[in-house]
Amino acid sequence: MTRHLTTTADLTDDEIEAIFDEANGYLDGQTNQKLRGKLVINIFFENSTRTRSSFEVASKRLGAEALSLDVASSSESKGETMYDTAANLDAMGASAIVIRHKNAGAPKILSKYVKASVINGGDGAHAHPTQALLDLFTLRQAIGDVRGKKILIVGDIRNSRVANSNIKLLTRFGMKVVLAAPPHFLPKRSSIKMVWNIRDELDGASAVMSLRTQTERHERLIYASLSDYAANFKITKEALGDRNIFVMHPGPVHRNVDLEDGALSDPRSLVLRQVHNGVAVRMAILSKFVLGY
Ligand code: CP
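Reading guide: rules and limits
- Residues numbered from 1 in each chain as written.
- Predicted model: local features only at pLDDT ≥ 70, side-chain atom pairs only at ≥ 80, totals over all residues.
- Heavy atoms only, no water.
- Helix = DSSP H or I, 4+ residues; strand = E, 2+ residues; numbered from the N terminus.
- Contact = heavy atoms within 4.5 Å.
- Axes fitted to C-alpha atoms, helices over the stretch in contact; angles between N-to-C directions.
- Parallel < 35°, antiparallel > 145°, perpendicular 65-115°, else oblique.
- Left-handed = near helix turned anticlockwise from the far one by under 90°.
- Nonpolar A, V, L, I, M, F, W, Y, C, P; charged D, E, K, R; others polar.
- Expected span 1.5 Å × (residues − 1).
- Bend = angle between axes of the 7 residues up to and from the residue.
- Buried < 20%, exposed > 50% of the residue type's maximum accessible area, 1.4 Å probe, protein only.
- Domains from an automatic or database assignment.
- Buried area = accessible area lost by both parts, 1.4 Å probe.
- Salt bridge = Lys/Arg side-chain N within 4 Å of Asp/Glu carboxyl O.
- Polar contact = N/O pair within 3.5 Å; in protein donor to acceptor, adjacent residues only side chain to side chain.
- Near = heavy atom within 4 Å.
- Areas by Shrake-Rupley, 256 points an atom, 1.4 Å probe, with all protein chains shown as cover.
- Phe/Tyr/Trp six-rings, centres within 6.5 Å; stacked < 30°, edge-to-face > 60°.

## What about the side chain of Arg 212?
Right, on to step 1. With respect to the element layout, Arg 212 can be found in the loop between strand S8 (205-210) and helix H8 (226-233).
Right, on to step 2. Ignoring any residue separated from it by four or fewer positions in sequence, one finds Arg 212 in contact with Asp 156, His 249, Pro 252, His 254 and Asp 258.

Printed below as a string of structure tokens:
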């Protein structure tokens, strides 16, 4: 039976450990021919720099053919549905389809229409499972055993698929997650601790993960200005102080709104390490889902 990766719940703990073991062998840019003769297709109905490129690089390093559909110039503009677009690419013999879509649940529904393994590259504000997996991998690489360690997630959490996936995955692997944001950016209900400022919670945290303000998902302006938001929630070098704390961000970064320049370039910043690790983790994910082990 073809398996799909729509949320991190599609993987057992043992499968995640196996993905991380395999990814560790790809960190120096190793290549192989595991997926020679296989076709991996990216269909991104929303913009992406990291996820789309990362899957394309990962596919090529495994010897697969990689195609990224240019949705803007595709027949979507002539009224073709997402499902028909995907079914047509599937008919070309795709082994995996990586999809990003503004609608939550689109990858799950799509998986019923195609033979290929569907991998969720981000659906609305719902899930971004490969981002959460690469974040957990990066946290372990930086701090070792994450069980019992605290991570502060800061920003537009309510609209963030990265936050959603990370809250589920990091708590599942034993981390203490605390959410910090103005009230309109926080979930309406959550069993996770939520605070309205970052200062008190930086103490004792092993990492702080800043998120982008998702202005494109706001139906109306719900804060006075980005500079008001930044005044309270931007991660600065001054706020970090001399704490032993790592700084993360899934990208794209709103410089000096989410993260101050100095925090981004600080030696404690893992932001580019997340991107580097993302290729290795996605290589291991593609291997698993294309070869079906
Ligand atoms: N982290 C992330 O999803 O970045 P992109 O939107 O550039 O893919």
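## Comments concerning the packing of helix H1 (residues 13-24) against helix H11 (residues 271-291)
Right, on to step 1. Contact geometry of H1 with H11 gives a least axis separation of 8 Å together with a crossing angle of 120 degrees. What the angle tells us is that H1 and H11 run oblique. Along this stretch, H1 crosses H11, giving a crossing that reads as right-handed. In this structure, H1 contributes Glu 15, Ile 19, Glu 22 and Ala 23 to the contact, and H11 contributes Ala 280, Val 281, Ala 284, Ile 285, Ser 287 and Lys 288.
Right, on to step 2. For the contact of H1 with H11, the residue count by class is 6 nonpolar, 1 polar and 3 charged.

## Details of the packing of H1 against helix H5 (residues 129-143)
Right, on to step 1. The N-to-C vectors of H1 and H5 enclose an angle of 65 degrees; their axes lie 11 Å apart at closest approach. By the criterion of interaxial angle, the relationship of H1 to H5 is roughly perpendicular. Judged by the twist between their axes, the crossing of H1 over H5 is right-handed. On H5, the residues that touch Ile 16, Glu 17, Phe 20, Ala 23 and Asn 24 of H1 are Leu 133, Leu 136, Phe 137 and Arg 140.
Right, on to step 2. Within the contact of H1 with H5, the residues separate by chemical class into 6 nonpolar, 1 polar and 2 charged.

## Some remarks on H11
Right, on to step 1. Here H11 is 21 residues long and its end C-alpha atoms lie 30 Å apart, about the 30 Å a rise of 1.5 Å per residue gives.
Right, on to step 2. Of all the bends in H11, the greatest, near 25 degrees, is centred on Gly 278.
Right, on to step 3. Taken across its 21 residues, H11 has 16 buried, putting it largely inside the fold.
Right, on to step 4. Phi turns positive, to about 70 degrees, at Gly 292, one or two residues after H11.

## Examining the domain arrangement of the protein chain
Right, on to step 1. Domains assigned within the protein chain are domain 1 (8-128 + 275-291) and domain 2 (130-271).
Right, on to step 2. The gap between the C-alpha centroids of domain 1 and domain 2 is 25 Å.
Right, on to step 3. Domain 1 puts 31 residues into the contact, and the matching count from domain 2 is 25 residues.
Right, on to step 4. Summed over both partners, the interface of domain 1 with domain 2 buries about 2,300 Å², with 54% contributed by carbon and sulfur atoms.
Right, on to step 5. In this assembly, domain 1 and domain 2 are joined by 3 salt bridges.
Right, on to step 6. Summed over the shared surface of domain 1 and domain 2, the result is 16 residue pairs in polar contact (both at pLDDT 80 or more).
Right, on to step 7. Going through the elements one at a time, H1, helix H2 (50-61), strand S3 (96-101), strand S4 (117-123) and H11 are the ones with two or more residues in the side of domain 1 that touches domain 2.
Right, on to step 8. Looking at the side of domain 1 that touches domain 2 residue by residue, the class counts come to 13 nonpolar, 11 polar and 7 charged.

## What about the site of the ligand?
Right, on to step 1. Around the ligand, the neighbouring residues are Ser 48, Thr 49, Arg 50, Thr 51, Arg 100, His 128, Gln 131, Pro 250 and Gly 251.
Right, on to step 2. Between the ligand and Ser 48 there is a distance of 2.6 Å, counted from an oxygen atom to a side-chain nitrogen or oxygen.
Right, on to step 3. Within the side chain of Thr 51, an N or O atom sits 2.7 Å from an oxygen atom of the ligand.
Right, on to step 4. In the complex, 92% of the free accessible area of the ligand, which totals 260 Å², lies under the protein chains.

## A short note on the packing of aromatic side chains
Right, on to step 1. Scanning all chains against the criterion turns up 4 aromatic pairs.
Right, on to step 2. On the numbers, 5.3 Å between centres and 70 degrees between planes, the contact of Phe 20 with Phe 137 is edge-to-face. Here Phe 20, found in helix H1, pairs with Phe 137, found in helix H5; they are 117 residues apart in sequence, far enough to count as distant.
Right, on to step 3. Judged by relative accessible area, which is 4%, Phe 137 ranks as buried.
Right, on to step 4. For the pair Tyr 83 and Tyr 113, a centre-to-centre distance of 4.6 Å together with 20 degrees between the ring planes defines the contact as stacked. Of this pair, Tyr 83 sits in helix H3 (residues 82-90) while Tyr 113 sits in the loop between helix H4 (106-110) and S4, placing them 30 residues apart in sequence.
Right, on to step 5. Ring-pair connections join several aromatic residues into one group, and the members of that group are Phe 185, Tyr 229 and Phe 233.

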